[in-house]
Amino acid sequence: MQLTRRHALAAAAGIAAAPLLSPTFARAAAPVADKQAPSFYRYKVGDIQVTVVSDGRFSFPLEDTLIPNARKEEVDAALEQAFLPRDMFTIYFAPLVINTGGKLVVIDTGNGPVAKVNSKGTNGQFADNMAAAGIDPKAVDMVVISHFHTDHVNGLLAADGTPAFPNAEVLVPATEWKFWMDDGEMSRAPAGRMQGLFKNNRNIFEAGLKKKVTPYEWGKEVAPGLLAVESIGHTPGHTSYVLSSGTGKVFIQSDVTNNPNPFATHPAWHGFFDQIPDVAEATRRRVYDMVVAEKLMVQGFHYPFPGLGHVEKDGSGYRVIPAPWNPTI
Ligand SMILES: [Zn+2]
């Protein structure tokens, strides 16, 4: 039998014609749930265990200002092609917890407890989802930060302003640290978003962490199996990582792209959040050409959860193919 639109409509009409309250149906309505399952996902890279822990999402009306070098109609068309709603944009957030056997390492920390309140729990979920995954923040040995935007650093502090990972060493890219802690750079920052970011970083790292951080260099292992890789442009010190153990390897891209639809499919589009847009684009193409050539798995902080996939070349852009959800580890 061929299922056609006519069949589907006829079936729907049949359901509608059935009596609403047949005496054979139970009368008690099951309550409708108001929460998603706690979002965390585990996989192995050799002997290392990775737990992707969602920090939630942020959805907002699409404006021309999201991508200054593309028109809103072009962006809408790209979203529609990816079966996503027009006129809206969603950013996902996915920090990582990696267990190397010897060390428990957090990579990036999400939007933090203030955002959780302000967004009514839509984001700032990292602490709750980490607890649901059975991970104690006091047991974390190291927190590695990729760059100093709010969605990556604000979870460093708990709601009372004290360190959220009280026993962890906090590792930051040396170049990123130098830029955001430079008073000259801060005084020259344009009003609005950039000044706000400087203020936020001073609050997190000076008031909150009392400058107790360890700057790290690119090309070195920052934790066992975790190699820091320069991928600048999104910020002056933006960092990605290669996590490897045995024959296992995954490229942790951080923010080389934001949501791959449309930022991987259209690598020439410059999101307003890319601080040095031309450099960010060059990095995006260089990194994606590399992961395509090497068939590397990619873990994306802003990919839809759980953010693990492969990348293939597609015309003038790239397509991310999400890895199948594995119900076992
Ligand atoms: Zn980000």
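Residues numbered from 1 in each chain as written. Predicted model: local features only at pLDDT ≥ 70, side-chain atom pairs only at ≥ 80, totals over all residues. Heavy atoms only, no water.

### Quick word on the pattern of salt bridges
Phase 1: Evaluated as defined, the whole model comprises 15 salt bridges.
Phase 2: Notably, a salt bridge pairs D76 with K72, separated by 3.0 Å at the nearest N-O pair. Remark: K72 and D76 occur in helix α2 (residues 72-81); sequence separation between them is four residues, near one turn of the helix.
Phase 3: Residue K72 pairs with D87 through a salt bridge whose shortest N-O separation is 2.6 Å. (Salt bridge = Lys/Arg side-chain N within 4 Å of Asp/Glu carboxyl O. Helix = DSSP H or I, 4+ residues; strand = E, 2+ residues; numbered from the N terminus.)

### A closer look at the coordination of the zinc ion
Phase 1: Taken together, D151 (OD), H152 (NE2), D255 (OD) and H302 (NE2) make up the full set of protein donors to the zinc ion, lying 2.1 to 2.3 Å away.
Phase 2: One can describe the site at the zinc ion as irregular: its four donor atoms subtend angles covering 88 to 173° at the metal.
Phase 3: Here the donor residues of the zinc ion share one chain and are spaced in sequence as D-H-x102-D-x46-H. Here H302 lies in the loop between β14 (297-300) and β15 (308-314) and D151 lies in helix α5 (residues 150-153), a separation of 151 residues in the sequence. The same class applies to D151 and to H302, which are both buried. (Donors = N, O, S within 2.8 Å, 3.2 Å for Na, K, Ca; no water. Tetrahedral: all angles 85-135°; square planar, octahedral: opposite > 155°, others 65-115°. Buried < 20%, exposed > 50% of the residue type's maximum accessible area, 1.4 Å probe, protein only.)

### Description of the side chain of S240
Phase 1: Of note, S240 is situated in strand β12 (residues 239-245).
Phase 2: Those residues in contact with S240 that sit more than four places away from it in its chain are L227, A228, V229, S231, F251, I252, Q253, S254 and V256. (Contact = heavy atoms within 4.5 Å.)

### Points about the sheet that holds β15
Phase 1: Judged by pairing direction, the sheet is mixed, and its seven strands sit side by side in the order β10-β11-β12-β13-β14-β15-β16 without closing on themselves. The two strands at the open ends of the sheet, each matched to only one other strand, are β10 (221-223) and β16 (317-322). Across the sheet, the mean angle separating the axes of adjacent strands is 40° when strand polarity is ignored.
Phase 2: By the bridge criterion, four bridges tie strand β13 (residues 248-254) to β14 in an arrangement that is parallel. Bridge pairing links S254 to G300 in β14.
Phase 3: Those strands touched by helix α10 (residues 277-294) are β11 (226-230), β13, β14, β15 and β16, and its axis lies near 100° from that of β15. (Pairing = 2+ DSSP bridges. Axes fitted to C-alpha atoms, helices over the stretch in contact; angles between N-to-C directions.)

### What to know about the packing of aromatic side chains
Phase 1: What the rule picks out here adds up to 17 aromatic pairs.
Phase 2: Ring centres of Y41 and Y43 lie 6.4 Å apart, and the angle between their planes is 40°; this geometry places the pair in the tilted category.
Phase 3: Exposure remark for Y41: the relative accessible area of 6% places this residue in the buried category.
Phase 4: Ring pairing ties together the aromatic residues F58, F60, F89, F263, F272 and F273, which thus form one cluster.
Phase 5: Lying over the aromatic face of Y318, K313 brings its terminal NZ or CZ to 4.5 Å of the ring centre. (Phe/Tyr/Trp six-rings, centres within 6.5 Å; stacked < 30°, edge-to-face > 60°. Lys NZ or Arg CZ within 6 Å of the ring centre and 35° of its normal.)

### Examining unusual backbone geometry
Phase 1: At the junction of N261 and P262, the peptide bond is cis and its omega measures out at 20° in the coordinates.
Phase 2: Looking at the element boundaries, P262 is found in helix α9 (residues 260-263).
Phase 3: Here F305 and P306 are connected by a cis peptide whose omega angle stands at 0°.
Phase 4: The phi angle at D108 is positive, at roughly 65°, despite the residue not being glycine.
Phase 5: The residue D108 is located in the loop between β6 (104-107) and α3 (112-118) in this model.
Phase 6: A relative accessible area of 2% places D108 in the buried class.

### Details of the pairing of β14
Phase 1: Summarising the sheet, β14 and β15 pair through two bridges and their orientation is antiparallel. By the bridge assignment, Q299 is partnered in β15 with L308.

### Focus on the nonpolar core
Phase 1: Among the nonpolar cores identified, the biggest contains 32 residues, and V143, F148, L156, F165 and F205 are the most heavily contacted of them.
Phase 2: Listing elements by their share of this core, those giving two or more residues are β6, α4 (126-132), β8 (169-173), α6 (174-180) and α8 (193-208).
Phase 3: Apart from residues lying up to four places away in sequence, L156 is in contact with T109, V143, I145, T162, P163, A164, F165, V170, I204, F205 and L209.
Phase 4: The next biggest cluster of nonpolar side chains, apart from the first, holds 24 residues, and it includes M142, L171, Y216 and L226. (Core = buried A, V, L, I, M, F, W, Y, C linked by side-chain atoms within 4.5 Å.)

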